[in-house]
Amino acid sequence: MIRINEHYLKLQASYLFSDIARRISSFQKNNPEREIVKLGIGDVTRPLPEACIEAFHAAVDEMGMESTFKGYGPEQGYGFLREKIAEHDFQKRGANITADEIFISDGAKCDTGNIQEIFAADISIAIPDPVYPVYLDTNVMAGRTGICKDGRYENILYLDGTTENGFIPDLPERPADLIYLCFPNNPTGAVATKGILARWVEYARENKAVILFDAAYEAFIRDEEIPHSIFEIDGAREVAIEFRSYSKTAGFTGTRCAYTVVPKTCMAYTSGGEKHSLHSLWNRRHSTKFNGVSYPVQKAAEAVYSEEGSVQVKVLIDYYLENAKLIRKEMTDLGYSCVGGINSPYIWINGKTDSWKFFDLLLNKAGVVCTPGAGFGRCGEGFIRISAFNSLENVQLAMERIRKAV
Ligand code: PLP
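As the structure is a prediction and not an experimental result, all values here were calculated from the model.

J.: Explain the packing of helix α10 (residues 307–333) against helix α12 (residues 392–405) to me, and be specific about the residues and the numbers.
T.: One way to put it is that α10 packs onto α12 with a least axis distance of 10 Å and a crossing angle of 5°. Taken together, the axes of α10 and α12 are roughly parallel relative to one another. Across from Tyr-319, Asn-323, Leu-326, Ile-327, Glu-330 and Met-331 in α10, the residues of α12 making contact are Leu-392, Glu-393, Val-395, Gln-396, Met-399, Ile-402 and Arg-403. For the contact of α10 with α12, the residue count by class is 8 nonpolar, 2 polar and 3 charged.

What follows is the structure, encoded as structure tokens:
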């Protein structure tokens, strides 16, 4: 008899986005003339930078000619892209990462979801709350948790984000083997200083743990003091893996390109205590289950590092950052306390009531859609997330309406 992976039955159905959609459609039915401004979903709205489009077109033309046609590429990604990444994203910032430690992929979602496969089933996992749900759900699927009770899975060490700690979780009270961190954070927009990351690196080194560092939003960092990579911290090469994405950096959410950095010095152990390189395990996994990102997409991603490309990417991110600044200022002026919106496209707002009540208020009175914080974990209750991914005109309109509504 064929049987299912019963761990899937423990997964909590995510009602978040379907609930949001249901409330929007009921609002639209009752207010057909009212235009809604959507500041809920974390998807970009501006087109690809011109340099990426040009490189993309040129690479498609290459695929159409016998002399330049490409079949399967290297599973780990083309050298031209991996070398640019190593130089521009790491070495220029003093992080000692080489091209052969970089694995190109089609998304940080799949990489952050798939990475847990290379670790044992019975390790202890520390996951922040509130959180990007992929980290949690993929560990549930793999059988690392018990059932979900009162919104929390058994066997997960939750790292609480609270107003008191500024949504930067403290070190776990019980030993953790695998730790998920994300800065700048989705959903809270919080960023971590070098000092904070250094404490986590020290913890991981002392406990023979590994940190999975999701830096999908690093391009939004403008503050010189904030690290873009965990590899800017001494000692991180032995205990950390980092995830990056062109999705938010360069508008690639629909184009798909990302990468994961697994330093060759990053190790984990067998039950007998024998050391093994996570780089070789991930390389084995990646080349067995993945066949590479398309050549034109990798050429488009490479253009991010060209002279024109880097200027265009900066302009693109600055556009969203201006939106974020405006949202944060307006909400603060209205008396709401906010995290994020600086070095981040997300503004995390204490709604002073429950998440869904505040969501309904903004929808029904202002025609503005946000995301209720409770959808990201128990600690998100009472908060909402507003995203800066929209046009400046729409953000201005949304803020004007919220001002009148509250
Ligand atoms: N990591 C975080 C924290 C995200 O918020 C997202 C997307 O919203 C991703 C990863 C996914 O990135 P990608 O589009 O590269 O799959």
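Text resumes after the structure shown.
J.: Give a detailed account of empty space enclosed by the protein, specifying residues and quantitative values.
T.: Taken as a whole and judged by the stated rule, the model has 2 cavities of 30 Å³ or more. For the largest cavity, the calculated volume is near 50 Å³. Lining the largest cavity, in full, are Pro-128, Asp-129, Pro-130, Leu-159, Asp-160, Gly-161, Phe-167, Pro-169, Cys-182, Phe-183, Asn-185 and Thr-188. Contributing elements (two or more residues each) for the lining of the largest cavity: β3 (125–129) and β6 (156–160). Residues belonging to the lining of the largest cavity are distributed by class as follows: 7 nonpolar, 3 polar and 2 charged. Here the second largest cavity is characterised by a volume of approximately 30 Å³. If you trace the second largest cavity, you find it lined by Phe-183, Pro-184, Val-191, Ala-192, Leu-197, Phe-213, Ile-221, Ile-226 and Pro-227.

J.: Kindly report on helix α11 (residues 355–366), identifying the contributing residues and their values.
T.: With 12 residues, α11 extends 16 Å from end C-alpha to end C-alpha; this agrees with the ideal 16 Å at 1.5 Å per step. Residues of α11 that are buried: Ser-355, Trp-356, Phe-358, Phe-359, Leu-362, Leu-363 and Ala-366. Taken around the axis of α11, the buried residues stretch over an arc of 165°, which confines them to a single face. Among the exposed residues of α11, those oriented more than 90 degrees off its buried face are Lys-357 and Lys-365. Lining the buried residues of α11 we find α1 (16–30), α10, β15 (368–369), β16 (371–372), β17 (383–387) and α12. Of the residues one or two after α11, Gly-367 is the one with positive phi, at around 65°.

J.: Hey, could you go over the site of the ligand for me, with residue numbers and the actual values?
T.: Inspection of the region around the ligand gives 14 residues, with Asn-186, Asp-214, Tyr-217, Ser-245 and Ser-247 positioned closest. Contact between the ligand and Ala-108: an oxygen atom at 2.8 Å from a main-chain N or O atom of the residue. Arg-256 has a polar side-chain atom sitting 2.8 Å from an oxygen atom of the ligand. Contact with the protein chains covers 90% of the free accessible surface of the ligand, which is 400 Å². One can see that the ligand is located within the largest pocket. Those elements that provide at least two residues to the shell around the ligand are α4 (108–114) and α7 (246–250).

Cut-offs used in this document
- Residues numbered from 1 in each chain as written.
- Predicted model: local features only at pLDDT ≥ 70, side-chain atom pairs only at ≥ 80, totals over all residues.
- Heavy atoms only, no water.
- Axes fitted to C-alpha atoms, helices over the stretch in contact; angles between N-to-C directions.
- Helix = DSSP H or I, 4+ residues; strand = E, 2+ residues; numbered from the N terminus.
- Parallel < 35°, antiparallel > 145°, perpendicular 65-115°, else oblique.
- Contact = heavy atoms within 4.5 Å.
- Nonpolar A, V, L, I, M, F, W, Y, C, P; charged D, E, K, R; others polar.
- 1 Å grid on protein atoms, 1.4 Å probe; cavity = no way out; pocket = protein on both sides within 12 Å on 5 of 7 lines; lining within 4 Å.
- Points joined across faces, edges and corners; volume = space filled by probe spheres on them.
- Expected span 1.5 Å × (residues − 1).
- Buried < 20%, exposed > 50% of the residue type's maximum accessible area, 1.4 Å probe, protein only.
- Arc of directions from axis to C-beta.
- Near = heavy atom within 4 Å.
- Polar contact = N/O pair within 3.5 Å; in protein donor to acceptor, adjacent residues only side chain to side chain.
- Areas by Shrake-Rupley, 256 points an atom, 1.4 Å probe, with all protein chains shown as cover.
- Sits in = over half its atoms within 2 Å of the grid points.

Honestly, that's just the spatial picture; any functional story needs more than this.
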